[in-house]
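Spelled out from the first residue to the last, the chains are:
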Amino acid sequence: QVQLVESGGGLVQPGGSLKLSCTASESIRVLGTMGWYRQVPGGQREWVASISSGVRTQYPTTMKGRFTISGDPLTNTIYLDMNDLRPEDTAVYYCKARKLGADFWGQGTQVTVSS
């Protein structure tokens with residue numbers, strides 16, 4: 001069982017920035033690929049960014065440029081830097097880790113972009 005704890009969400013004005021954190025109960029080098037996803041009420045969970053072994057990053061085309069994922073193996077934490085936030089970025093953001101073929105999710109952190 002992998003435990004993931006997210007933090008850093010909140011209310012921000014359009015154009016603002018937020019940095020989300022996700023701390024894992026195990027080494028992020030060993031866990032392999034971890035990722036950030038987001039979900040709005042009634043919607044599908046959407047992939048935002050991934051990082052492998054705490055180093056290699058991947059993004060869907062729609063997320064490139066404003067969002068940056070990074071990792072700190074010393075603290076077993078991954079981050080999501082979000083810039084130039086827009087109202088449509090409002091969602092619950094979830095951290096995911098995969099271990100031995102099973103997916104583990106954090107509890108989610110709410111991000112609200114509104115003036």
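Above this text is the structure in question.
Throughout what follows, the structure given in this document is the object of discussion.

How each quantity is defined
- Residues numbered from 1 in each chain as written.
- Predicted model: local features only at pLDDT ≥ 70, side-chain atom pairs only at ≥ 80, totals over all residues.
- Heavy atoms only, no water.
- Helix = DSSP H or I, 4+ residues; strand = E, 2+ residues; numbered from the N terminus.
- Buried < 20%, exposed > 50% of the residue type's maximum accessible area, 1.4 Å probe, protein only.
- Polar contact = N/O pair within 3.5 Å; in protein donor to acceptor, adjacent residues only side chain to side chain.
- Pairing = 2+ DSSP bridges.
- Axes fitted to C-alpha atoms, helices over the stretch in contact; angles between N-to-C directions.
- Contact = heavy atoms within 4.5 Å.
- Phe/Tyr/Trp six-rings, centres within 6.5 Å; stacked < 30°, edge-to-face > 60°.
- Lys NZ or Arg CZ within 6 Å of the ring centre and 35° of its normal.

Okay, the side chain of D89 next. The residue D89 is located in the loop between β8 (77-82) and β9 (91-99) in this model. According to the relative accessible area criterion, D89 is buried, its value standing at 0%. Within the structure, the side chain of D89 is placed 2.8 Å from the backbone nitrogen of R86, a separation counted as a polar contact.

Turning our attention to the sheet that holds strand β7 (residues 67-72). Taken in spatial order, the four strands of this open sheet run β1-β3-β8-β7, and their pairing is antiparallel. One side of each edge strand has no neighbouring strand; the edge strands of this open sheet are β1 (4-7) and β7. Between one strand and the next, the sheet's axes are offset by a mean angle of 15 degrees, whatever the strand orientation. Pairing of β7 with β8 involves six bridges; the strand directions are antiparallel. Along β8, the bridge assignment pairs I69 with L80.

Attention now goes to the environment of L80. Following the sequence through the fold, L80 ends up in strand β8. Residue classification places L80 among the buried positions, given a relative accessible area of 0%. Aside from chain neighbours lying at most four places away, what touches L80 is L18, K19, L20, W36, V48, A49, F67, T68, I69 and Y93.

Moving on to the packing of aromatic side chains. As enumerated under the stated definition, the model contains two aromatic pairs in all. Relative to W105, the ring of Y37 lies with its centre 5.1 Å away and its plane at 70 degrees, an arrangement referred to as edge-to-face. In this pair, Y37 is assigned in strand β4 (residues 33-39) and W105 in strand β10 (residues 102-105), connecting sequence segments 68 residues apart. W105 sits in the partly exposed class, given a relative accessible area of 34%. An aromatic cluster of three or more residues is present, and its members are Y37, Y94 and W105. The aromatic ring of Y94 is capped on one face by R45, whose charged end is 3.7 Å from the ring centroid. Between the NZ or CZ atom of R45 and the centre of the ring of W105, over which it lies, the distance is 4.5 Å.

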